[in-house]
Structure formats: C-alpha cells, structure tokens
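# Working through the structure, step by step
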Amino acid sequence: MRVFHDLMWFFRDHRKKYFGGIVLLILVALLALIPPQVVGIIVNQVQIKTLTTTHLVYGLIVILVTALMSYGLRYWWRVLLFGGAIQLGTELRTRLYHHFTRMSPEFYHQQRIGDLMAHATNDISAIQETAGDGVLTLVDSITTGVVVIATMAITISWKLTVVSLLPLPLMAYAVSRFGKALHTRFSLAQAAFSDINDRVQEHISGVRVVRSFGQEGWERKNFVTLSQDVVAKNVAVARIDSLFDPTISIIIGLSYFLSIAVGAVFVVHHAINLGQLTTFTLYLGQLIWPMLAFGFFFNIVERGSASYDRVQKLLSIAPTVKNHPDALAIVPNGSVHYRIREFRYPDTTGSPALRNIDLIVRQGETLGIVGRTGSGKTTLLRLLFREFDIQEGDIAIGGVSIYLMTLDSLRQCLAYAPQDDFLFSTSIAQNIAFASVGATDQEIINVAKIAEVDQDIQNFPDGYDTIVGERGVTLSGGQKQRISIARALLQEAEILVLDDTLSAVDARTEAAILSELKQNRQGRTTLIATHRLSAVEHADQIIVLEDGKIVEQGTHRALLDREGRYWDMYQRQQLESLVEAGGVSS
Amino acid sequence: MSMETLDYRAESRSRGVLGRLLRYMVPHRWKVGLSLLILLAATGTDVFQPILIKIFIDRYLVPRHFPTTTLIELGGAYLGLVVATSVLNVFQLLLFQILALDIIQRLRVELFDKIQELALAFFDRTPVGVLVSRITNDTQAILDMFMTVLSSFVQNVTVLAGILIAMFALDATLAAYCLMLIPVVGAVMYVYGKVSGPVFHVTRQRLSILNAKLNESLQGMPVIQSMRQEPRLRREFGEINESYRQARFRNTQINGLLLRPLMDVIYLLVLMLVLWYFGTRSFSQVVNIGVLYAFVTYLSRFFEPVNGMLQRMNFFQQAMVSADRVFQILDNPGLGPRQEGEDNPEIAQGRITFDDVSFSYDGKTDVLKHVSFTAKPGQTVAIVGHTGSGKSSIVNLLMRFYSVDRGRILIDGADLRTFSNQELRQKIGLVLQEPFLFVGDIASNIRLGNDHIGPDQVEDAARFVQADGFIRNLPDAYRSPIGERGATLSTGQRQLISFARTMAMDPKVLVLDEATASVDTETEEAIQAALEKMRHGRTTVAIAHRLSTIQDADLILVLNHGEIVERGNHQELLSREGLYHKMYLLQQGGSRDVG
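Cut-offs used in this document
- Residues numbered from 1 in each chain as written.
- Chains lettered and ligands numbered in written order.
- Predicted model: local features only at pLDDT ≥ 70, side-chain atom pairs only at ≥ 80, totals over all residues.
- Helix = DSSP H or I, 4+ residues; strand = E, 2+ residues; numbered from the N terminus.
- Rg over C-alpha atoms; globule rule 2.2 N^0.38 Å.
- Buried ≥ 20, exposed ≤ 12 C-beta atoms within 10 Å, placed from the backbone.
- Contact = placed C-beta atoms within 7 Å.
- Pairing = 2+ DSSP bridges.
- Axes fitted to C-alpha atoms, helices over the stretch in contact; angles between N-to-C directions.
- Nonpolar A, V, L, I, M, F, W, Y, C, P; charged D, E, K, R; others polar.
- Parallel < 35°, antiparallel > 145°, perpendicular 65-115°, else oblique.
- Expected span 1.5 Å × (residues − 1).
- Domains from an automatic or database assignment.
- Core = buried A, V, L, I, M, F, W, Y, C linked by C-beta atoms within 7 Å.

Further remarks concern the overall build of chain B. From N to C terminus, chain B includes 21 helices and 12 strands. At 36 Å, chain B has a C-alpha radius of gyration far larger than the 25 Å of a compact globule built from 595 residues. The C-alpha extent of chain B, read off along each of the three principal axes, is 120 × 55 × 50 Å. Within chain B, the fraction of its 595 residues that count as buried is 40%. Of the contacts made within chain B by residues no fewer than 6 positions apart, 81% connect residues no fewer than 24 positions apart.

Now for the overall build of chain A. Helix and strand counts for chain A stand at 21 helices and 10 strands. For 586 residues, the compact-globule formula gives about 25 Å, and the C-alpha radius of gyration of chain A, at 36 Å, lies well above that figure. Overall, chain A is about 125 × 60 × 50 Å in size when its C-alpha atoms are taken along their principal axes. Out of the 586 residues belonging to chain A, those deemed buried represent 47%. Taking the contacts inside chain A whose residues are at least 6 apart along the sequence as the reference set, 79% of them involve residues at least 24 apart.

Residue and element names in this part refer to chain A. With antiparallel pairing, the 4 strands of this open sheet are ordered in space as 2-1-4-5. Looking along the sheet, the strands with just one partner apiece sit at the ends: strand 2 (354-361) and strand 5 (400-401). Alignment of strand 4 (residues 392-397) against strand 5, held across 2 bridges, turns out to be antiparallel. Residue pairing across strands places alanine 396 opposite serine 401, the latter belonging to strand 5.

Attention shifts here to the sheet that holds strand 8 (residues 525-530) of chain A. All names here are of chain A. Strand order in the open sheet made by the 6 strands is 6-7-8-3-9-10, with mixed pairing throughout. Edge strands, defined here as strands with exactly one partner in the open sheet, are strand 6 (414-417) and strand 10 (549-554). Strand-to-strand twist in this sheet, taken as the mean axis angle between neighbours without regard to direction, amounts to 15°. When strand 3 (residues 366-370) meets strand 9 (residues 541-546), the two strands line up parallel, connected through 4 bridges.

On the side of chain A, 126 residues touch chain B, which itself brings 113 residues to the contact. Considering every element that reaches the side of chain B that touches chain A, the biggest residue donor is helix 4 (residues 68-117) of chain B, with 20 residues. Residue composition of the side of chain B that touches chain A, by class: 58 nonpolar, 40 polar and 15 charged.

Residues and elements named next belong to chain A. Between helix 7 (residues 113-156) and helix 8 (residues 158-165), the shortest axis-to-axis distance is 7 Å and the interhelical angle comes to 140°. Judged by the inter-axis angle, helix 7 sits oblique to helix 8. Along its contact with helix 7, which presents Ile149, Met152, Ala153 and Ile156, the element helix 8 presents Trp158, Leu160 and Thr161. When the residues that make up the contact of helix 7 with helix 8 are grouped by side-chain class, the tally is 6 nonpolar, 1 polar and no charged.

Its location among the elements puts Ser300(B) in helix 12 (residues 289-330). Accessibility expressed as a C-beta count within 10 Å gives 17 for Ser300(B), which makes it partly exposed. Taking the C-alpha atoms as reference, Ser300(B) lies 22 Å from Met313(B); in sequence the two are 13 residues apart. Excluding its chain neighbours within four sequence positions, the residues that come into contact with Ser300(B) are Leu282(A) and Gly285(A).

Turning next to helix 12 (residues 274-315) of chain A. With 42 residues, helix 12 of chain A should reach 62 Å at 1.5 Å per residue; the first-to-last C-alpha distance of 61 Å fits that figure. Along helix 12 of chain A, 30 of the 42 residues are buried, which leaves the element largely enclosed by surrounding structure.

A few words now on the domain arrangement of chain A. Parsing chain A into structural domains produces domain 1 (2-315) and domain 2 (336-585). Centre-to-centre, using C-alpha coordinates, domain 1 of chain A lies 56 Å away from domain 2 of chain A.

Ranked by internal contacts, the top residues of the largest apolar core, which has 205 residues, are Leu414(A), Ile432(A), Ala486(A) and Val497(A). For this core, the leading source of residues is helix 5 (residues 53-102) of chain A, giving 18 residues. Once you skip the residues sitting within four places of it in the chain, Ala486(A) turns out to touch Ile432(A), Val447(A), Ala448(A), Ala451(A) and Val453(A). Ile196(A), Val404(B), Ile497(B) and Leu510(B) belong to the second-largest nonpolar core, a separate cluster that totals 112 residues.

Residues and elements named next belong to chain B. Judged by how many residues are buried, strand 10 (residues 539-543) sits mostly within the fold: 4 of 5 residues are covered. By the bridge criterion, 5 bridges tie strand 9 (residues 509-513) to strand 10 in an arrangement that is parallel. Residue pairing across strands places valine 509 opposite threonine 539, the latter belonging to strand 10.

Residue and element names in this part refer to chain B. At arginine 64, a position not held by glycine, the phi torsion is positive, near 55°. Relative to the elements of secondary structure, arginine 64 occurs in the loop between helix 3 (29-61) and helix 4. Its identity is not glycine, yet histidine 370 carries a phi of approximately 45°, on the positive side. Structurally, histidine 370 is set in strand 2 (residues 368-375). Histidine 370 gets classed as partly exposed once you count the C-beta atoms within 10 Å, which come to 15.

This is how it looks when you write it as structure tokens:
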C-alpha cells in the first residue's frame, strides 16, 4: 500500500485521469447491477404469469441501454487508467535515463549493465502494473464488491448473502497464496533461463575453441543439463499454475451450491421468489472477479513496491563527480599541470594508482606516456577528464584548476580516443561526427583521411553510410581504433588524448597517422599513452610510469642517453630487429 | 511506420510453420491423447453442473416437491461434479504444460545440435546476440504458443463446444439462435487480429529499439560523457520512449474497443435474445424456469474462454514469427565438413601436405590459389603475408573448419576428409589469436570436457608453458574462478592458459594463429618461450604477424593475394631481397624511423 503513497506525486500530476477513471469504474459497477435485476423480474413474471409484451420490451430496452452505456464507460476508464500507467512507465524511464547520463564512471564500475537494464525494464513494468492493474484491482474489488454485496443483501436477502459468500474469502486467500508461490517459482525459472542464455552466448562466442578442441559432445551435455533444469523449474511453476484455476472453481462451485440450496429453502418459505434467486446467482457470478482481483492486488502491489524501492535507490545515488558550486563556465586553454600527491580508486586498498606526479605539458607539446600494463597510464588520462576526482593534489589547465570549471567546459577542450574504442550502431559518418553533429561530409572525410581510415571506409558497400555493429558490418580492431581517432580529431579540441589507440594498427599506418597528426595539430597539445615506443619517439616529452610513479622523464634522445628503464624497453623492442639486421649484413 | 509493418508476416506462411510445429507433438501422441481425454471428461463434468440445477428447479423447486434422499443425491452429485471437474482440470492443465515444455526442450536441443553442425561461415555472418536469441527467446515464444494453442485454445474450444451441446440438449431452437454467436465472435476475432496484430508488432519492435538504445547508451556512457553528448542522447531516447508510449497507448485503445467491453455488449445482446425467446413463449405455453436459468448461466460462462483466446492471439502471431526464424536455422543447408568414408586413418607422425589447394568462401573470388607445401614431421612452417593474403584461410582449411574445394590436404599421406573428427581434434592443437576462456575455474579451462585429463596432467601442462607460477599465486590456484571472458586475468595470462589447454591435449600437430594483441614485453617473452617449447617435437604451422618470431622456422611461405610468392628459410628469403625482405625492412623501420 505504501507504494501508492510513494506514487502520489504521479497521481497528483494526473489527478484528472485518475479521478475520472475511478468515477467511471464506480459507474460501471452500478450499471452492471441492472441486467440481473431485469432478468430476475422477467423470470418471476414468467413464473407467476404476469409478463406482458410491454414489460418484456421495456426490460430489454433497459438492458440494451445499459449495454451501450457500459461499453463506452468501460472503454473510457481503460484509456484513462491504463493510459496513465503507460505514462508513468514512460516518465520513470526518462528519469532513469537522465540519471544514467549523470552518473560517474564509479557508478558503472559498481553496477552491471545487465542489472541496470533489468531495473529499466522489469522494475518499471512492475511499477507500471501497480499504477494500472493495481489501481484497477483495488478500486474494482472494493466498488464492485461493496455495491454488489450491498445490492444482494438489501434487494434480495442478507441472510442468503452471508451464507453464500462464506467460501469466497478463501478464494482471495488462495489467489494471494498461489500468486506468491507462482512468483517465487517463476523467478527461479527465469534465473534458469538466464543461465542457459549465458551458456549459449558463451558457446557461440567460443565456437572456434569448441570445435578445434572437439568439445561439441561436452558442450551438448552441458546444454542438455541446463535446458533440463529450465524444464524442471518450469514444471514447478506449472504445478502451482495448474492448481490455480481448479481451486477457484471449487470455491465458486461451493458458493453456487450454497446459494441454490439455501436459496431454495428461502423460495419455499416465500422469503424470496424464483426470479430473485436467479438474480442472486447472477450477482454471485459478478463477485468472482472482485474476489480474484483482491488476491491479485496484493501480489501486484508487493511486486510494485519492491520494484519502486529498487528504482528509487538507484535514483538516489548521487554522481561522485560534480560541478563545484562556483564552477566557471570558461573553456580552458593552455598548459596542463598535474600535481598529484596520491590517487587511489574508490573502494580499493593496497598501493595507490598514482603517486607524486608533478608534470607540466606546455601548450602545443606532445606528451608520451609509457609503462607496462597497470602502471597508471590510463589513470593519469582519466583524471584529466574528471572521470574520478583526486583526493590529494590538483590538475590545472592554463593555470586554472579543473575542479574550478564546469565539467562541460572542461570536456569541451578535451578530445578522447579511449583504449576500448566504443562505436555506436549507427553509420560510420554518424560515429565520426558523434561529438560534432553539425559536421559536413567533407570535414568527416578529412579527419578519416588523417586517421588513415578513409580508404577502408570507401571499400565498405555503403561507404560512410555503412552501419556498424550487430546490425551492420563488423569492423576490425584497427579500423575501430582509427575511426575513434577520427571522431576525436573532428572535435577540434585544444587537447587530444590517445590512450593506446594505435595498438591494433600496423607500423606503417601508425607512422602515417602520427606524422599527419603532427602537421594537423600544430600549436595544440596531444597526450599519447602507449605500449609501443615507436608511437612516442617524436614526442616533446616522454614519461615512464611504474607503479603509479614517474620513474623517468625527458625526450626520446635524453631517455636513451640515460640508459634506464626507457632504454631497457627500447632495447628489448629493438633487440630482435638488431639481431636480424646483423643477419642481413653478414 | 510503413517500414516497421513491412516485415509483418503474411498468414499463409504462418500456416506452414504451425503445421510443422504441431508435428513436434507426434512423438507424444499418447500423452496428447490422454490429456485430450481428460480435458473432454473435465468439460463434460463442468457443463453438466447447470443441468443438475435446472433439474432441481424444474422438477423439485417449482412444483414444491422435496424427496429428501433424491435431493441429497442431487446435491451430492452436484458437489461431486464440481470436485471432479477441478481434479480432472488439475491433471489436464499440468499434462499439457509438461508436454509443451518437453517439446520445447527437444526443439532447443535440436537447434543446439544444428548450430554445432553448421559451417563456421554461418557464425561469421550472424551476430552472437541474434543466435542466442534464436535458441532461447524465440523458443520461449514458441513455448508460449504451445501453452496457448495446446492449453488455452484446445481447452476453450472444448468448453465452448460443451456449452453449445448442453444448450442443444436443453432447447434446440434457442440453442440454434445462440449458434449465431459463433460467427459474431469469429468476426470480432478476425477484426481484432487484423487491427491489433500490426500495432502489437510495432509495439514490440519499438520496445526492442528502446532497449537497444538504453543498452548501448549504458555501454558507451564514458564516450557520451567525455564528448558531452548527454543532452542529445537524452533527446533521442526521449523520442524513442515517446513513440513506444504511443504504440502502447494504441494497443490499450484497441483492446478497450474490441476485447472485454465489446464481449460484454455481445453477452447482454444474447441475454436479451434469450429473455425475448422465453418471454414470448411464456405467453402461449408453459416454460421451464430451470431451462431459462441454465441458459443464462451458460451464457455468462461462454465469454470467459472467448476473452482468453482473444487476449492470446497476439502472442500466437509473435510465436509464428519466432518459429519461422527457428526453422530457418534448422533448414540451413550450410553444414560444416564431416568425415568421409570409413577408413579412420590416424595421425602418427604429423606430415602435412597441401597439394595444389585453391579455395573460395563465396564461390567467386579465390582467397587461396594453387597453394602447395609440405611440413615434414617436427618441422615448423611459418606463413607470412599482408592482411587478407589468405593466411587464416590456410588454418581454416587445415582445421577442417571449411572443406577444400580444389586440391587436397594430406596428413601422413591420408586425405584430410577421411579423418574422424575426434582424431583431428585430438591430434591437431590450435592456438587462436584471441585467447577465449570459459566461465569456470582455471583447471576446467585447461581440461575442458576431457575427463581423462586428471589434475596432475592439468598442472603438468601449466608448468610446461610456465603458467604454473602465476596460477599458484592466485588465491585459489587452479580452482580460481574466471569471470566473464576471463576478465580478471591479463591478456598474457589468458594466452598462457590457452596454451596450457592445448598442451594438455598433447597434440601431434600445432597450428598457431599468432597473437597481434599488445601485451607488455615481459609477458611477450614468456609467451615466446612457451611457444618455442611447445613447438619442440611437433609439426607446426604458424601464422606470423611479426617476422621476428619466426626466424628459426624451417620453411617460411610468403603469401600475396592467395598465392605463395616466395618460400625458403629466413636467410634465404632475406638474401633474395624480394617481398619478404621488404616486409622485414618495413617492420624494422616501423619501430625506428618514425618522427
């Protein structure tokens, strides 16, 4: 019931719809009382032989008018109540989506996308059901229930009413009980289904491994086991499900039996007439739905409020990265100054991800960041975007702390080609122009040329209009990386950040892209993190990271002269080619 | 809108699909028969109840004649019928549902088996998500269909027939009038199907677009945020959300116009007919109140099954679309190659010969042209070439992922086609570019489904590729769980585990598709050392992307557009100063002269 209180904001916003819907429901319940009365009167008149054609026609017209009126009203309340519920679902989805776009990376580290999807689909439809069927079952079971029972008691016999209604509360109980059991078992069945889904997904992704190791038999065995589990869990659901209707019909049958048997006694004693008994059993038929609805109601509300709580909990998570209250909306410009005493990822223990970083990248310079996996290269770049905030220290661009400007203006001066290049399932052109929606075709082609991906794109069947992803072409890793570089270039940002975005590109293409970049980005700053030293040899400044610290710093030449870690790495990468070079000359 | 309705399937097609689906019931015909019998019995006991009340009213209540024993018997019989109906229904419902579940289980396994047999080309063309959804979601939709067609439709139709029969038994003339209900209800169903089908379809489609958009936004959120596209995506999502709302609302409108409210009107109209019939008859003759009562009761029951069927019609259509998709996969003729003949040759030494092999994926352009070479037992043959030169096709053919069109591949003198699958898979070990790990623990990833590989052999294999060290350092060593796609391990570590997996099989022949992914130099060294050890004593066919890793190969083949243009060992090829030499210089220069 609390969920109705929680949803009050919505009901209040749409009070006309809900108020109207409830009034209409009550009217429909009242109208439904009329036909059984007419039937009872005619039956009685037939029996005592007082029926006339006028009576009959008059009665039938009453039924006809009732029928037409309730048709209109029934349609109307459905549109109001269910239309309102659909509106609620839509509004909640929008809210969630807006919320998701405000959440910081930390949120996405803690939540799994599958779970977030489940909240946005299953939970919202449960809440929607509460606002639609929930309201309906509540209002209907109360109004129809009260109105019909009152009419039975007042116009026919209250004693008969009490007797024949005795079994009905059992029904509401049974519905609610079975409903709960069904829900529990159904969740288990869903879980089994999702297991098999995962399994099939894995099997198909790894089909080459399965085949090359001849593991088809094993995979089949696993699949059969899992699908048998799905069957077993569903049979458990079916066991309850098939009890449901029959139990209800036993209870209803009992109720009819009581009303006929006891009603007959009443007829004999002239307490009621036969027509009234007929009316009575018709009314009894009308009570079945409200009783069922009452049982359904509790389950709907229970599910709805659990879902509402989950959605609320999600909505109440505040973004960890926010604008400073006095943040400036000025797009920064100038040299980048890192001063980090220590940075740790939230909720992690052990050694910090970065320590004692003091680094200045002057405007127009290219910074190379090298180091092995986990040394902190990506972290250093992510901090610049404020994906996470530093606990101790500061980063400034053009002398202004990035924490004193708005996120929007900060990100306006940065273009990012991330390590896991994510493309959207739209056309290649739209992907390249993702951050610059107004870009012309020529601008898009220009950046694609710089990123050395124009030729690849031209070779696709639809060129720049080729759709990528599940519904379109599958791109190679290198193509994705180059498109993501083109996307970043098109932003024309002051600072370009490449996070190992050339790893899947061959050496010649890498060289071509780097030299194009150098020309194209004259006077602007570029940060490149990489595994391959060839990508940063031309950089104005190179830092070598190890365990989150800068262990070496300087130009390619200077670092080689130092004969330290950089030199080691360089030697290792060159070693083989040097040996081979010796092989040629000998 | 017009685009969306285009692929809405014609009914004629769905009829063939339905027939084929129903044939899945044939093996279960005894169960189906039994369930139908129980259903008939349940319907009988159900529709007989109002008749008892009619007898009570007409014979005893109206004439005020109350013989106690008879009445107790009558009452007892009524309650008996109520209980019998319920008990029979429990069994009948359960039987039908289990039946449907069994059928779907069979269909799923059949589909899975089919997918196992399909040629790999199929997987290259079909996205994983689509295939998964065929095996799970589509079969689930078909399951719903079986539940509705078998359970609901059969049941509801039986109940309707039962009611009509009972009506005829009571009063044939009036029952004949009531028969008019059937075309009326039929017409409503037809109109409803016509009107709501497309809307329902559009609704589902918009929902799937909505979910796809949401899913993609969640995955790409870092990109969206760093590129400040939140407002645009919110707007786009808002539009999709609104179009979905409109479709849902149209659904509600159609349901409101054509479902329950309309059925209720029809019910009241027929009630008027029944009253008119009895009313006018009562002017000229005596009518039985009990019959009137029974008719009124039957009428009120008539519409429950009808409503049930109407509501399920859309799911039925959805299921037909799903079934059609499933059958398309089951009918796919593109099977992977299988053993030919009964010779069962064995791979003892590992001599591999490509004899004038040409190959094309699409039947038009050849990706391999007249390729011939021999790898002697224990030798390493390396294949180099640019992207698209046909390197991977050689592996695909050697692994018998695709069948050879022209020319022959021989292993130890026997044609590749004549080997049993098991022999090939056990004796030829493939190491793929991207290490793929399954959900499970490390040991199970090394052992896979091979029960004959014990824990000792698993550890031996890991030790052999020098993965033992880091595995032992993990919290649960060999029992350490591996997350989705082995996310908890580094690329290099995953690569080593996949090596160990290959070594645990102890293959005679090794096929290496060298990794291009960037791993740091030290892991790279560990991997190279492991590979060298693995190659020792085994015939190896290696695809190399970096020339530096293959200098000690016994034979290097340089592929260019599907042709072998140069062959020889490292020194020979360099001294020839041809393509290999150029590639070599390029790779060298790539890491030195930039900037």
